[in-house]
Amino acid sequence: LQDAAEHLPKTAPRRSAALMTANRVINACHVDDPSTFSEARKIASEWLSATSGDHSARVCATGHCHIDTAWLWTYAETVRKCARSWTTQLRLIREYDGYVFACSQAQQYAWIKESYPDLFSAIRTAVAEKRFLPVGGTWVEMDCNLPSGESLIRQFIEGQAFFEKEFGVRCREFWLPDTFGYASQLPQIMRAAGIEYFLTQKLSWNLTNKFPHSSFVWEGMDGSRVLAHFPPAETYISHGNVHDVLKSSSNNQDAGLVNESILLFGHGDGGGGATPQMLESLTRMKNVEGLPRVEFEHPTNFFDRLKK
């Protein structure tokens, strides 16, 4: 309610209603008296129960936990970050119906298999249930400016081979949210690796030349094409709040053609992933008047609809 009152357009009646509802909740709820909580929830539900219209924007919310394989810590700490973060996400998968968690970088899976075999076994089970989602198809989320073409090809060969051997899946999307450049031969390499979709983020942060699209077809040097998407919230570590859900719609550069987008939520860079607070927030926003409709979903499902 606080987020809605703060971030909905000032002229939107739902913004004023959110503020008034929040005020009523505060008046009804006494934090030291649990018997008042049910009345507070009842008041809040009056605002939350109003549903979206048929033409509301749609947000595909996918849990994410970006972990830099090499940055401000040792490789040993990267392994521990993966173990802590992924253990948390497995627990949240069991606690929240429909929640799905996307995770890239075969190297990190390999470390977990070696150092935490019980955790890796639990991940295998969750992958089979389509709740823990291997994405990316590469060994790591690599730099694409300095490596040679052969190096880039080896990323996909080793990554896809690992995911197929360990989980019986081959990734259909290349996952590279945190990179500082894009080699022009990537579409050709992606298609050769069986990948037709591309998700990235950082180009949208350019302060000088703003990229004009959120969803588009990227054509490589040889004419190979992949379907690409820049999440309009302009982050791969969203906190799953009203601000980012609204930005997923308001900043969608192609909303007239495709009125939906991906939202990646969860603490990242140093790991952590989604939290109960984020999941509670997004669950409450699934179908609320004045907000885009939010659904927990595999990003490939979004791309399949986009392709049509």
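Located above this text is the structure these notes cover.
A few points on the structure. (Residues numbered from 1 in each chain as written. Predicted model: local features only at pLDDT ≥ 70, side-chain atom pairs only at ≥ 80, totals over all residues. Heavy atoms only, no water.)

**Concerning helix α10 (residues 276–284)**
Buried residues of α10: Met278, Leu279 and Leu282, and no others. Projected down its long axis, α10 shows its buried positions confined to an angular sector of 95°, all on one face. Tucked inside the fold, the buried residues of α10 contact β1 (58–64), α4 (75–95), α9 (242–250), β8 (260–265) and β9 (293–296). (Buried < 20%, exposed > 50% of the residue type's maximum accessible area, 1.4 Å probe, protein only. Helix = DSSP H or I, 4+ residues; strand = E, 2+ residues; numbered from the N terminus. Arc of directions from axis to C-beta. Contact = heavy atoms within 4.5 Å.)

**Details of the environment of leucine 279**
Among the structural elements, leucine 279 can be located in helix α10. Accessibility expressed as a relative area gives 0% for leucine 279, which makes it buried. Residues leucine 279 and glycine 240, 39 residues apart in the sequence, show an inter-C-alpha distance of 7.3 Å. Residues within four places of leucine 279 in sequence aside, it is in contact with Leu92, Tyr96, Tyr99, Phe265 and Phe296.

**A short note on the packing of helix α2 (residues 13–28) against helix α3 (residues 37–48)**
Put simply, α2 and α3 touch, their axes get as near as 9 Å, and they point 175° apart. In terms of their interaxial angle, α2 and α3 are classed as roughly antiparallel. For the pair α2 and α3, the contacting residues are Arg14, Ala17, Ala18, Thr21, Arg24, Val25 and Ala28 in the first and Glu39, Ala40, Ile43, Ala44, Glu46 and Trp47 in the second. Here the residues of the contact of α2 with α3 are counted per class, giving 8 nonpolar, 1 polar and 4 charged. (Axes fitted to C-alpha atoms, helices over the stretch in contact; angles between N-to-C directions. Parallel < 35°, antiparallel > 145°, perpendicular 65-115°, else oblique. Nonpolar A, V, L, I, M, F, W, Y, C, P; charged D, E, K, R; others polar.)

**With respect to unusual backbone geometry**
Of note in this structure, glutamate 234 is not a glycine but carries a positive phi near 60°. Here glutamate 234 is to be found in the loop between β7 (225–229) and α9.

**Quick look at the pairing of β1**
In terms of burial, β1 is largely enclosed, as 7 of its 7 residues are buried. Across the two faces of β1 the burial is the same, with Arg58, Cys60, Thr62 and His64 and Val59, Ala61 and Gly63 all buried. In this sheet, β9 lies alongside β1 in parallel orientation, the contact comprising 4 bridges. Within the sheet, the bridge partner assigned to alanine 61 lies in β9 and is phenylalanine 296. With 2 bridges connecting them, β1 and strand β2 (residues 101–103) associate as parallel partners. Within the sheet, the bridge partner assigned to histidine 64 lies in β2 and is alanine 102. (Pairing = 2+ DSSP bridges.)

**Examining the pattern of salt bridges**
Counting across every chain of the model gives 21 salt bridges. Across the pair glutamate 77 and arginine 80 runs a salt bridge, and its minimum N-O distance is 2.8 Å. With glutamate 77 and arginine 80 both in helix α4 and 3 residues apart, the pair spans about one turn of that helix. The shortest N-O distance in the salt bridge between glutamate 234 and lysine 247 comes to 3.3 Å. Here glutamate 234 is found in the loop between β7 and α9, whereas its partner lysine 247 is found in helix α9, with 13 residues between them in sequence. (Salt bridge = Lys/Arg side-chain N within 4 Å of Asp/Glu carboxyl O.)

**Side note on the packing of helix α5 (residues 106–115) against helix α7 (residues 149–167)**
Between α5 and α7, whose axes approach to 9 Å, the crossing angle comes to 40°. Considering their axes alone, α5 and α7 lie oblique with respect to each other. In terms of crossing hand, the pair formed by α5 and α7 is left-handed. Contacts between α5 and α7 involve Ala106, Tyr109, Ala110 and Lys113 from the first element and Gly159, Phe162, Phe163, Glu166 and Phe167 from the second. The residue makeup of the contact of α5 with α7, split by class, is 6 nonpolar, 1 polar and 2 charged. (Left-handed = near helix turned anticlockwise from the far one by under 90°.)

**Quick word on the packing of aromatic side chains**
Counting across every chain of the model gives 28 aromatic pairs. Judged by centre distance (5.1 Å) and plane angle (45°), the rings of tryptophan 86 and tyrosine 109 are tilted. Of this pair, tryptophan 86 sits in helix α4 while tyrosine 109 is found in helix α5, placing the two residues 23 residues apart along the sequence. Seen from their ring centres, tyrosine 197 and phenylalanine 303 are 4.8 Å apart, and the 10° between their planes marks the pair as stacked. Linking tyrosine 197 in strand β5 (residues 197–200) with phenylalanine 303 in helix α11 (residues 299–307), this pair joins segments that are 106 residues apart in sequence. With respect to burial, tyrosine 197 and phenylalanine 303 carry one shared label: buried. A connected cluster of aromatic rings, assembled from ring pairs, spans Trp86, Phe101, Tyr109, Phe120, Phe132, Trp139, Phe162, Phe163 and Phe167. Across from the ring centre of tryptophan 47, 4.1 Å away, lies the NZ or CZ of arginine 14, which sits over that ring. The ring of tryptophan 73 is capped by lysine 81, whose NZ or CZ atom sits 4.3 Å from the centre of that ring. (Phe/Tyr/Trp six-rings, centres within 6.5 Å; stacked < 30°, edge-to-face > 60°. Lys NZ or Arg CZ within 6 Å of the ring centre and 35° of its normal.)

**Overview of the sheet that holds strand β4 (residues 173–176)**
Across the sheet, which stays open at both edges, the 4 strands sit in the order β4-β5-β7-β6 with mixed pairing between neighbours. Where the open sheet ends on each side, the last strands, each with one partner, are β4 and β6 (215–219). Strand-to-strand, the axes of this sheet are offset by a mean angle of 25°, without reference to chain direction.

Treat this as a map of the structure, not an account of what it does.
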